[in-house]
Amino acid sequence: MHFPCWCILFAHLYTFAAVTISDHISVEDQLLAEGASSGRRTGRLYCRVGIGFHLQIHPDGRVNGSHEPSHLSVLELFAISQGVVGIRGAFSRRFLAMNKRGRLHAVEEFTDDCKFHERFQDSSYNTYSSVMHRNHRTGREWFVALNKRGKAKMGSSPRVKSQHASTHFLPRFNLQNRAQWGFNIMDKSQKSQNTPQPAAPKAPPPMVKAESGKKRTETVKYWPKFRFG
Ligand SMILES: *[C@@H]1O[C@H](CO)[C@@H](O)[C@H](O)[C@H]1NC(C)=O
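Read on for an overview of the structure.

Reading guide: rules and limits
- Residues numbered from 1 in each chain as written.
- Predicted model: local features only at pLDDT ≥ 70, side-chain atom pairs only at ≥ 80, totals over all residues.
- Heavy atoms only, no water.
- Buried < 20%, exposed > 50% of the residue type's maximum accessible area, 1.4 Å probe, protein only.
- Helix = DSSP H or I, 4+ residues; strand = E, 2+ residues; numbered from the N terminus.
- Pairing = 2+ DSSP bridges.
- Near = heavy atom within 4 Å.
- Polar contact = N/O pair within 3.5 Å; in protein donor to acceptor, adjacent residues only side chain to side chain.
- Areas by Shrake-Rupley, 256 points an atom, 1.4 Å probe, with all protein chains shown as cover.
- Nonpolar A, V, L, I, M, F, W, Y, C, P; charged D, E, K, R; others polar.
- Phe/Tyr/Trp six-rings, centres within 6.5 Å; stacked < 30°, edge-to-face > 60°.

**A short note on the pairing of strand β1 (residues 41-47)**
Taken across its 7 residues, β1 has 6 buried, putting it largely inside the fold. Relative to strand β4 (residues 75-81), β1 is paired through 3 bridges, and the arrangement is antiparallel. Across the sheet, residue Thr42 finds its bridge partner in β4, namely Glu76. In the sheet, β1 pairs with strand β11 (residues 169-172) via 4 bridges, with the strands oriented antiparallel. Across the sheet, residue Leu45 finds its bridge partner in β11, namely Pro171. By the bridge criterion, 2 bridges tie β1 to strand β2 (residues 53-57) in an arrangement that is antiparallel. Bridge pairing in β2 places Tyr46 opposite His54. Where β1 hands over to β2, the hairpin turn is made up of 5 residues, of which Gly50 adopts a positive phi near 55 degrees.

This is the structure in C-alpha cells:
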C-alpha cells in the first residue's frame, strides 16, 4: 500500500517545515510587531538585482543582502525631513551609513552619514542616495546598491547608477498593516463567528491579535512623521 506511506512522509515533512518556519519567523515577527506598536515604519528593503536580495544590517556593522528574509533584514525607516530618511536595523540597532569613500556600513550613533534621499524610481521601487557624500567634481549622487551576489557596492563606483537594478529597492513595509486589516474585517463582519482566518505561514504574532483593534488602526492609518530626537 503506497497511500499510507505517502501520508506519513508528507505529514513528517509538513511538521518539519512548520517547525522550521515558525522558529525562523519568531524573532522577525517580534521585531515587526515592536516596530508597528511604536509607530515606526518597520519592514524590509528588497533589491531586485540578481536573484533578489533583502538589505540586511549585521550587529558588527557590516551591510549586505540576503535572498532569504531574516531578522537582520527587518529595518526601520524614519523621516528626517522631506524626502530624507534614516534606516536602522531593528535587530542590530545600527544605522545604515555611507562614508566619504562611498562605502556602506552601519553605525551605533546617528550622523549625517546616515541620511539618505529617498526617491521613487519606477514601478514602485525606491532609490536611496547619500545626502552628505557625492562626487564633488561631477555632482553625481552616490546610491545604496547591492551587486549580483548580494554584496554591498561602493556608492562612489561609476557603475552605480539610479537606472540600474542594483540601486532599486522595493519597500516591503506593510506586513503589520495587512495583519490588522485581517483582524478588523473579522471583528466587524463576523462577530458571532469565532473561526480564525486560514493560517498563513506568516500569520500575525499573538501580540498583535491580543491588542484591542480600534485604537491601533487609527495609529497605523496615519503614520506619524518620525522625528529623530
Ligand atoms: C553577508 O554577510 C554575512 C556576514 O558577513 C555572510 O555570512 C553572508 O554570506 C553574506 N551574504 C552575502 C550574500 O554575501
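**A word on the site of the ligand**
Near the ligand, the surroundings consist of His58, Arg62, Asn64, Gly65, Arg149 and Lys151. Between an oxygen atom of the ligand and a side-chain N or O atom of His58, the distance comes to 3.3 Å. One nitrogen or oxygen atom from the side chain of Asn64 is found 2.3 Å from an oxygen atom belonging to the ligand. Computed on the free molecule, the ligand has an accessible area of 360 Å², of which 54% lies beneath the protein chains in the complex. Among the residues making up the shell around the ligand, the classes are represented as no nonpolar, 3 polar and 3 charged.

**As for the packing of aromatic side chains**
Two aromatic rings are characterised by how far apart their centres lie and by the angle between their planes. Per the stated rule, a full pass over the model turns up 4 aromatic pairs. The interplanar angle of 55 degrees and the centroid separation of 5.8 Å between the aromatic rings of Phe78 and Phe110 together place this pair among those described as tilted. Of this pair, Phe78 sits in strand β4 while Phe110 sits in the loop between β7 (104-107) and β8 (116-120), and the two are 32 residues apart along the sequence. Phe110 shares its class with Phe78; the two are buried. Summarising the aromatic geometry, the rings of Tyr128 and Phe169 are spaced 6.2 Å apart at their centres and angled 65 degrees between planes, so their arrangement reads as edge-to-face.

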